[in-house]
Amino acid sequence: MMIRFIFTSIALSSVVLTAGVVEVSANAESPISATKSSSLVPLPAASMTNPIYIAQSTTTPASLEQAVHTQVNQYRGSLGLPPLALDSRISTQARTHSQNMANGVVPFSHNGFQARIQAIAKVITLRAAAENVAYNQGYNDPATQAVQGWLKSTGHLTNIKGNYNLTGIGIAKNSQGKYYFTQIFIRSN
């Protein structure tokens, strides 16, 4: 059985967003294989029909992670979709990736996605996974900026609306003030 993972990319002014596709074998004996699309896709001009705004009293990574989780679940709820449960094991993988991007260990990308999913698969039996990443700088509410960008992008929106039940979110800020966001979506058995 093959498991499919989805990626997309867009860039706009000081916000950059990306997502992707990876297919993996659900057989524990089979290695994970991946294909990625890195082509940039323009941001759609249409505005969101259900904008979500959450006031941020602080911009710590933990408060931003919670804001992303809340906003994504509010959007899913507006469509009648079930909320995604926040899983700390998935968030650990997402947070490490965001920290690695913020520190320049890896470029802004999905580099290491296979390894993140393999690590998650050791503790959660999963059927599907997807990942959205973004970075931005100079916004009073960086979490809302990232989520709004994802909601305006077809590939990111597909992940947010997808048939997943778990999520993990990790956010890191670098010394230049850029916030890096990683949200991993998991459908567990």
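Structure's up top.
Nothing here was measured: the structure is a model prediction, and the numbers come from that model. (Residues numbered from 1 in each chain as written. Predicted model: local features only at pLDDT ≥ 70, side-chain atom pairs only at ≥ 80, totals over all residues. Heavy atoms only, no water.)

Colleague: Would you mind showing me how to read the pattern of salt bridges here?
Modeller: Between side chains of opposite charge, a pair can form when the charged atoms approach closely. The final tally for this structure, using the stated rule, is three salt bridges. In this structure, the salt-bridge partner of Arg-95 is Glu-65, at a minimum N-O distance of 2.8 Å. Of this pair, Arg-95 sits in helix α2 (residues 88–102) while Glu-65 sits in helix α1 (residues 61–78), and the two are 30 residues apart along the sequence. Under the relative-accessibility criterion, Arg-95 is labelled partly exposed at 28%. We note a salt bridge from Arg-116 to Glu-131, for which the minimum N-O separation is 2.9 Å. With Arg-116 in helix α3 (residues 113–121) and Glu-131 in strand β6 (residues 126–136), this residue pair connects regions lying 15 residues apart in the sequence. The exposure class assigned to Glu-131 is buried, which follows from its relative accessible area of 0%. (Salt bridge = Lys/Arg side-chain N within 4 Å of Asp/Glu carboxyl O. Helix = DSSP H or I, 4+ residues; strand = E, 2+ residues; numbered from the N terminus. Buried < 20%, exposed > 50% of the residue type's maximum accessible area, 1.4 Å probe, protein only.)

Colleague: I would appreciate a short explanation of the packing of α1 against helix α4 (residues 142–151) in the present structure.
Modeller: The packing of two helices is summarised by the inter-axis angle and the distance between the axes. Interaxial distance between α1 and α4 falls to 9 Å at its minimum, and their mutual angle equals 35°. The handedness of the crossing between α1 and α4 is right-handed. From α1, Leu-64, Ala-67, Val-68, Gln-71, Val-72 and Tyr-75 reach across to α4, where they touch Pro-142, Ala-143, Thr-144, Val-147, Trp-150 and Leu-151. By residue class, the composition of the contact of α1 with α4 is ten nonpolar, two polar and no charged. (Axes fitted to C-alpha atoms, helices over the stretch in contact; angles between N-to-C directions. Left-handed = near helix turned anticlockwise from the far one by under 90°. Contact = heavy atoms within 4.5 Å. Nonpolar A, V, L, I, M, F, W, Y, C, P; charged D, E, K, R; others polar.)

Colleague: Before we go on, may I ask you to explain the nonpolar core in this structure?
Modeller: Soluble globular proteins tend to pack their nonpolar side chains together in the buried interior. Among the nonpolar cores identified, the biggest contains 22 residues, and Val-68, Trp-150, Ile-160, Ile-171 and Phe-181 are the most heavily contacted of them. Looking at this core, the elements that each hand over two or more residues are α1, β6, α4, α5 (154–161), β7 (166–173) and β8 (179–188). Setting aside residues up to four positions removed in sequence, Ile-171 forms contacts with Pro-61, Leu-64, Glu-65, Val-68, Ser-98, Tyr-179, Tyr-180 and Phe-181. (Core = buried A, V, L, I, M, F, W, Y, C linked by side-chain atoms within 4.5 Å.)

Colleague: What should I look at first to understand the packing of α2 against α3 in this one?
Modeller: One way to put it is that α2 packs onto α3 with a least axis distance of 9 Å and a crossing angle of 160°. Classed by the angle they form, the pair α2 and α3 counts as roughly antiparallel. By crossing handedness, the relation of α2 to α3 is classed as right-handed. Contacts between α2 and α3 involve Ile-90, Gln-93 and His-97 from the former and Arg-116, Ala-119 and Ile-120 from the latter. Residue composition of the contact of α2 with α3, by class: three nonpolar, two polar and one charged. (Parallel < 35°, antiparallel > 145°, perpendicular 65-115°, else oblique.)

Colleague: Please explain the environment of Ser-109 as it appears in this structure.
Modeller: Tracing the backbone shows Ser-109 in the loop between α2 and α3. Since its relative accessible area comes to 12%, Ser-109 is described here as buried. Along the backbone, Ser-109 and Ala-134 are 25 residues apart, and their C-alpha atoms lie at a distance of 8.9 Å. Of the polar contacts made by the side chain of Ser-109, one reaches the backbone nitrogen of Asn-111; its length is 3.0 Å. (Polar contact = N/O pair within 3.5 Å; in protein donor to acceptor, adjacent residues only side chain to side chain.)

Colleague: Whenever I open this one, α2 confuses me. Can you help?
Modeller: Given 3.6 residues per helical turn, the α-helix brings residues three or four places apart onto the same face. The first and last C-alpha atoms of α2 sit 20 Å apart over 15 residues, in line with the 21 Å expected at 1.5 Å per residue. Every buried residue of α2 is accounted for by Ile-90, Ser-91, Ala-94, His-97, Ser-98, Met-101 and Ala-102. Axial view of α2: buried residues confined to an arc of 135°, hence all on one face. Against the buried residues of α2 lie β5 (85–86), α3, β6, β7 and β8. (Expected span 1.5 Å × (residues − 1). Arc of directions from axis to C-beta.)

Colleague: Sorry, what's going on with the pairing of β8 here?
Modeller: Put simply, side chains in a regular strand alternate between the two faces of the sheet. With nine of ten residues buried, β8 is to be regarded as a mostly interior element. Relative to β8, β6 runs antiparallel, the two sharing ten bridges. If you follow Glu-131 over to β8, its bridge partner there is Ile-184. Looking at chain direction, β7 and β8 are connected through eight bridges and run antiparallel. The residue bridging Lys-173 from the neighbouring strand is Tyr-179, located in β8. Connecting β7 to the next strand, β8, in antiparallel fashion are five residues, including Gly-177 with a positive phi near 90°. (Pairing = 2+ DSSP bridges.)

Any functional reading would require information that these geometric values do not contain.
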